[in-house]
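# Tertiary structure, described
So the chains spell out like this:
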Amino acid sequence: MALYDKRRRRNTLAMALSFAATAFGLGWLVFILGALLWNGASGISLSVFTEMTPPPGAAGGLLNPLVGSLIMTALAVLIGTPIGMFAGTYMAEYGRYEKVTRLVRFINDILLSAPSIVVGLFIYEVMVAPMGHFSGLAGAVALAVLVIPVVVRSTEDMLLLVPNSLREAALALGMPRAHVIAHISYRAARAGIVTGVLLAVARISGETAPLLFTALNNQFWSVNLNAPMPSLPVVIFQFALSPYKDWQSLAWTGALIITLVVLALSIIARILAAPRRSS
Amino acid sequence: MPPARRPSLVDVALQNGALAAADQQERIKRLGQIRSIDKLFRILTRACALAVLGILGAVLLSLFFGAWPALSTFGLNFFVTESWNPVTEKFGALPAIYGTLVTSTIAMLIALPVGLFIAIFLTELCPIWLRRPVGIAIELLAGIPSIIYGIWGFFVFAPFLQTTLQPFLVDSFGNIPLLSTLFAGPPYGIGIMTAGLILAIMVLPFITSISRDVFETVPPVLKEAAYGMGCTTWEVFWNVSLPYTRVGVIGGFMLALGRALGETMAVTFVIGNAHRISGSLLAPGTTISATIANEFTEAVSDLYTSSLIALGLILFFITFVVLAVARILLAQIERRAGS
């Protein structure tokens with residue numbers, strides 16, 4: 001009887017702990033989102049979206065970093081998506097059973113979680129240093145390097161889900177392979193591929209580390225890709241660590257905006273990919 | 001109107017014969033075009049797949065060349081020197097490596113048990129309709145950008161720790177020999193411990209979602225057999241699920257560790273950026289990534305820049321090994337689940 005009680009007590013304890021752990025994990029989410037709303041919501045106004053970043057002690061907005069972030073994110077997606085999509089296509093279609101595909105998949109999975117600051121250093125070495133100056137283009141390329149592994153992974157996964165009988169039917173009609181891929185495989189996997197791109201956008205829109213020494217920052221309005229370009233995360237970094245109250249509250253507002261965008265993107269992506277579990 | 005006379009087979013054959021020559025030419029041309037488009041597409045996609053390998057190679061090469069001046073100046077001493085002095089240009093990676101390892105260790109010590117317990121909750125206890133929402137909510141923690149953890153940690157979490165947990169630790173362990181060094185000094189709020197705790201929150205979702213996924217690969221018949229013998233939920237988990245999925249759980253652990261080692265912005269905000277090794281967890285320190293983020297744009301001399309790139313190379317090497325092990329382990333369990 002004593003053994004039975006002991007086992008039951010241990011089980012009750014473990015189950016209580018797992019409840020507690022879940023509450024603990026969810027608690028942090030609430031804590032962080034609550035702090036963001038508490039500190040950032042009061043700063044949200046129209047002027048945030050229409051005015052430039054202010055000098056210390058003045059009122060202003062976040063227009064230039066918002067635009068900078070948009071430009072660099074869009075460019076990064078434009079550069080990264082085709083490369084990632086084609087790479088994923090090769091792995092799932094032409095080279096499905098090749099050794100090189102397994103190697104690429106392995107390396108890609110590592111790049112997927114590689115530290116983003118290292119990507120910043122890499123782009124600094126190959127773009128910023130040779131060009132002699134920081135630039136928005138370098139920032140966009142750094143972000144593109146982060147987009148590629150996400151898109152490769154999701155494209156490959158989604159194309160592997162397309163039933164082979166679809167491809168075989170199309171090939172039996174005499175369709176060339178490239179057409180089968182473009183008109184059958186891509187069409188069947190479209191939702192999944194779009195999800196991958198959305199996840200990639202969610203990932204890079206909050207990235208700070210790779211931009212610190214590629215795009216740098218800019219206090220002023222700049223859409224010149226060949227010059228330092230402001231971005232929301234870097235401005236948050238700079239403003240939050242500054243001693244000025246105005247800057248700090250703008251940083252909180254910016255943080256709230258980024259978080260809302262990123263969470264919205266990842267929730268939309270999840271809805272699009274609903275029947276599949278993500279890894 | 002009467003239907004048009006359908007052409008007889010002979011007509012068709014004659015017609016085809018007349019058109020054949022021109023048609024055939026056209027056909028061959030089109031087929032050739034299609035074939036070359038196909039070939040081109042294949043080459044293009046293959047080049048993109050190889051570009052992924054190229055990125056890895058380029059990162060390694062460029063970091064190595066960038067780090068070479070520092071590595072050749074300091075040699076192996078770079079890894080064991082504690083000083084980091086931009087004025088005299090003496091650089092050593094030891095405090096940064098130490099900080100990286102210690103913060104990640106704290107993070108994993110907390111995140112592993114908590115993450116596993118959440119996974120148990122999600123696979124065993126949680127009502128089915130609640131599983132997806134709770135799972136997604138935990139995974140949203142991974143979606144929050146690291147800069148957000150940074151600003152939150154700096155303004156909210158660090159002051160919170162400074163006034164609650166840290167004085168408590170100092171008071172309770174201040175007189176116990178070994179622990180008093182671990183929790184020595186004034187509670188600054190920012191420091192190694194705060195960074196470790198924030199990292200723990202950040203990697204928690206990785207451990208949870210991977211453990212949950214691998215727990216779901218346990219064949220129900222195994223669990224049912226154990227339940228049938230009268231095992232408790234905990235006993236089924238501990239004696240059946242966990243041994244069965246051990247490889248996958250370790251893989252998830254390594255993946256989370258790889259994240260923790262390379263995490264930059266959140267740590268940069270709360271670590272305090274002090275290049276010294278302190279026995280106390282409450283003291284400020286630095287990590288590899290925080291040092292690079294804080295100092296790279298301020299590095300004026302070539303040797304300084306090169307030393308920072310060398311730090312980046314070390315970080316990339318460590319995380320590469322950890323992540324590679326993680327992927328190999330996870331591939332093993334995937335293969336088993338597939339067969």
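In short, a report on the structure. (Residues numbered from 1 in each chain as written. Chains lettered and ligands numbered in written order. Predicted model: local features only at pLDDT ≥ 70, side-chain atom pairs only at ≥ 80, totals over all residues. Heavy atoms only, no water.)

## Focus: the interface of chain B and chain A
Accessible area lost upon the coming together of the parts is a frequently used measure of interface size. In this complex, chain B contributes 80 residues to the contact, which on the side of chain A involves 82 residues. Carbon and sulfur atoms make up 80% of the area that chain B and chain A hide from each other, which totals about 7,500 Å². Applying the counting rule to chain B against chain A returns four salt bridges. Glu235 of chain B serves as the salt-bridge partner of Arg7 of chain A, at 2.7 Å between the closest nitrogen and oxygen. Inspection of the chain B/chain A interface yields nine residue pairs in polar contact (both at pLDDT 80 or more). It is helix 1 (residues 9-74) of chain B that provides the largest number of residues to the side of chain B that touches chain A, a total of 19 residues. Among the residues forming the side of chain B that touches chain A, the class breakdown is 54 nonpolar, 16 polar and ten charged. (Contact = heavy atoms within 4.5 Å. Buried area = accessible area lost by both parts, 1.4 Å probe. Salt bridge = Lys/Arg side-chain N within 4 Å of Asp/Glu carboxyl O. Polar contact = N/O pair within 3.5 Å; in protein donor to acceptor, adjacent residues only side chain to side chain. Helix = DSSP H or I, 4+ residues; strand = E, 2+ residues; numbered from the N terminus. Nonpolar A, V, L, I, M, F, W, Y, C, P; charged D, E, K, R; others polar.)

## A look at the nonpolar core
As a rule of thumb, nonpolar side chains are buried together in soluble globular proteins. Counting residues in hydrophobic clusters, the biggest one holds 190 residues, and the most contacted among them are Phe78, Tyr149, Trp152 and Leu311 of chain B. The residues touching Leu311 of chain B, leaving out its near neighbours within four places in the chain, are Phe78, Trp84, Ala93, Ala96, Ile288, Thr291 and Ile292 of chain B. (Core = buried A, V, L, I, M, F, W, Y, C linked by side-chain atoms within 4.5 Å. Buried < 20%, exposed > 50% of the residue type's maximum accessible area, 1.4 Å probe, protein only.)

## A closer look at unusual backbone geometry
Peptide bonds are mostly trans, and most non-glycine residues show a negative phi. Residue and element names in this part refer to chain B. One non-glycine residue, Glu89, lies in positive phi territory at about 55 degrees. Counting through the fold element by element, Glu89 comes out in the loop between strand 1 (84-85) and strand 2 (90-91). Of note in the backbone geometry, Asn273 takes a positive phi value of approximately 45 degrees without being a glycine. For Asn273, the location among the structural elements is in the loop between helix 11 (265-270) and helix 12 (288-295).

## Some remarks on the packing of helix 3 (residues 94-125) of chain B against helix 8 (residues 192-215) of chain B
Residue and element names in this part refer to chain B. Where helix 3 meets helix 8, the axes come as close as 6 Å, and the angle between the chain directions of the two elements is 40 degrees. In the crossing of helix 3 with helix 8, the sense of the turn from one axis to the other is right-handed. Grouping the amino acids of the contact of helix 3 with helix 8 by side-chain chemistry returns 23 nonpolar, eight polar and one charged. (Axes fitted to C-alpha atoms, helices over the stretch in contact; angles between N-to-C directions. Left-handed = near helix turned anticlockwise from the far one by under 90°.)

## Observations concerning the side chain of Ser154 of chain A
Residues and elements named next belong to chain A. With respect to the helices and strands, Ser154 occurs in helix 6 (residues 136-161). Judged by relative accessible area, which is 13%, Ser154 ranks as buried. The residues contacting Ser154, other than those within four sequence positions of it, are Gly192 and Gly196.

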